[in-house]
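Single-letter residue listing:
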Amino acid sequence: MEPTFEFDAPLWLHSSGSWVFLTVPEDETEVIRDLAPHIGGFGSVRVRVCVGDIEWKTSVFAQKNAGPYLLPVKKEIRKRAGIDVGDVANITLTVLID
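In this report, the structure presented in the accompanying data block is examined. (Residues numbered from 1 in each chain as written. Predicted model: local features only at pLDDT ≥ 70, side-chain atom pairs only at ≥ 80, totals over all residues. Heavy atoms only, no water.)

1. Quick notes on the environment of Gln-63
- Looking at the element boundaries, Gln-63 is found in the loop between strand S4 (54-61) and strand S5 (70-72).
- Look at Gln-63 and you get partly exposed, because its relative accessible area is 27%.
- Along the backbone, Gln-63 and His-14 are 49 residues apart, and their C-alpha atoms lie at a distance of 13 Å.
- What Gln-63 contacts, discounting residues up to four positions off in sequence, is Pro-68 and Leu-70. (Helix = DSSP H or I, 4+ residues; strand = E, 2+ residues; numbered from the N terminus. Buried < 20%, exposed > 50% of the residue type's maximum accessible area, 1.4 Å probe, protein only. Contact = heavy atoms within 4.5 Å.)

Next comes the structure, spelled out in structure tokens:
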């Protein structure tokens, strides 16, 4: 069974002004690091994400300073889910262990 987490997190705009992210909470980040020690490029871990009835596969990305993982949320997903920067989204995140 693939590990699944549910949490609420606000969407925020990266300083570059091009990317929208949400931050995976610290507790979930620690568990994900333990579950997925063999990470991909850029410190990424493959995940399946649900917001409401919208589901997609993507990756969460480790920060350089070993802080919490970041989850990018593309414009298409935000539009379909009816969420945007500043909104708090209820997230279901499943780690895809290979």
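Next, the rest of the story.
2. Concerning a nonpolar patch on the surface
- Where nonpolar side chains cluster on the molecular surface, the patch consists of Val-31, Leu-35 and Ile-97 and spans about 210 Å² of accessible area.
- Since its relative accessible area comes to 36%, Val-31 is described here as partly exposed. (Patch = residues over 30% accessible without salt bridge, like charges linked within 9 Å, V, L, I, M, F, W, Y side chains within 5 Å. Areas by Shrake-Rupley, 256 points an atom, 1.4 Å probe, with all protein chains shown as cover. Salt bridge = Lys/Arg side-chain N within 4 Å of Asp/Glu carboxyl O.)

3. Here we look at the nonpolar core
- Counting 25 residues, the largest nonpolar core has Phe-7, Ile-32, Val-60, Ile-91 and Leu-93 as its most contacted members.
- Elements with a contribution of two residues or more to this core: strand S1 (4-13), strand S2 (20-23), strand S3 (44-51), S4 and strand S6 (88-95).
- Once residues lying within four places of it in the same chain are set aside, the contact partners of Phe-7 are Leu-22, Thr-23, Val-24, Pro-25, Glu-28, Ala-89, Asn-90, Ile-91 and Leu-93. (Core = buried A, V, L, I, M, F, W, Y, C linked by side-chain atoms within 4.5 Å.)

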